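Letter by letter, the chains look like this.
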Amino acid sequence: MSTDAITISAAPHWARSALAAAGVACGLTLVLIVAGFVGSTPLPVLGWAAAFLFFAVASDVRHHRVPNLLTLPALCGALHVSPWIGGAGGLTEALAGAALGFAILVGPYAIGGMGAGDVKALMALGAWIGAPATLGATAWALIAAGTFGLAWLGLRGELGSFVRRWGRTTVATLTLRRLAYEPPPPESGAARGIPFA
């Protein structure tokens, strides 16, 4: 066994979580850049957005929450610097991005699909990158979160039971012609929630 493998496996849980968060934040930043948001968003803004995402993901992976001490200063900071970065329409674009972030996730939050920290995190991100980029970033984030969630359940050995449970839910919904839902077992990872940030 190599020394690197020993070092990583002996690292505390929070260090592995931080490493995973850093990887996710870097990946999301690359997605933002590749998707063309660099053309409409100044690079320093993407840097601040990536730093915010890093801490949001690290907190969500480690504690299953994105704290107000992170989201609210990020939102206020974006609104504060937006006039200098975006000119006369900068504040309007930042407010529109925050409002769109709220509008996208308030429905899933209302039905218990995600936490309030996720909503506030998307509001802060929306304020940093503006409304047009917020929609695309949310789509990529949903794909990344779904992939992460499936991988996480697979690593825990719960992916098969997750797929079977949703298969039964789908069949019951179609058969009964009304929404049916089979909740996950209380001890499963799906019941405890999957970090979305």
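Only a predicted model underlies this, so the values are computations on that prediction, with no experimental measurement involved.

### Remarks on the overall build of the protein
From N to C terminus, the protein includes 10 helices and 0 strands. For the protein, the residues scored as buried account for 34% of the 197 residues in total.

### Let's talk about the packing of aromatic side chains
One pass over the full model with this rule turns up 4 aromatic pairs. With 6.3 Å between their ring centres and 10° between their planes, W48 and W128 make a pair best called stacked. With W48 in helix α4 (residues 43-63) and W128 in helix α7 (residues 116-129), the pair connects residues that are 80 residues apart, well separated along the chain. Residue classification places W48 among the exposed residues on the basis of a relative accessible area of 56%. Exposure remark for W128: the relative accessible area of 12% places this residue in the buried category. Taken together, F162, W166 and Y181 form an aromatic cluster joined through their ring pairs. Between the NZ or CZ atom of R156 and the centre of the ring of W152, over which it lies, the distance is 5.2 Å.

### Some thoughts on the pattern of salt bridges
Tallied over the full model, the rule gives 2 salt bridges. The closest approach of N and O atoms between R156 and E158, which form a salt bridge, is 3.3 Å. Exposure remark for E158: the relative accessible area of 15% places this residue in the buried category. One salt bridge in this structure joins E182 and R168, with 2.7 Å as the shortest N-O distance. Pair noted here: E182 is in the loop between α9 (159-176) and α10 (189-192) and R168 is in helix α9, with a separation of 14 residues, a long-range link. Take E182: its relative accessible area is 28%, and that puts it in the partly exposed class.

### Things to note about unusual backbone geometry
Of all residues except glycine, most have a negative phi; of all peptide bonds, most are trans. With a phi close to 60°, H64 is a non-glycine residue in the positive phi region. You can call H64 partly exposed: its relative accessible area is 40%. In this model, R177 sits at a positive phi of 60°, which is unusual for a non-glycine residue. Of note, R177 is situated in the loop between α9 and α10.

### Re the side chain of S82
Here S82 is to be found in helix α5 (residues 68-86). Separated by 3.0 Å, the side chain of S82 and the backbone oxygen of L79 make a polar contact.

The rules we used
- Residues numbered from 1 in each chain as written.
- Predicted model: local features only at pLDDT ≥ 70, side-chain atom pairs only at ≥ 80, totals over all residues.
- Heavy atoms only, no water.
- Helix = DSSP H or I, 4+ residues; strand = E, 2+ residues; numbered from the N terminus.
- Buried < 20%, exposed > 50% of the residue type's maximum accessible area, 1.4 Å probe, protein only.
- Phe/Tyr/Trp six-rings, centres within 6.5 Å; stacked < 30°, edge-to-face > 60°.
- Lys NZ or Arg CZ within 6 Å of the ring centre and 35° of its normal.
- Salt bridge = Lys/Arg side-chain N within 4 Å of Asp/Glu carboxyl O.
- Polar contact = N/O pair within 3.5 Å; in protein donor to acceptor, adjacent residues only side chain to side chain.

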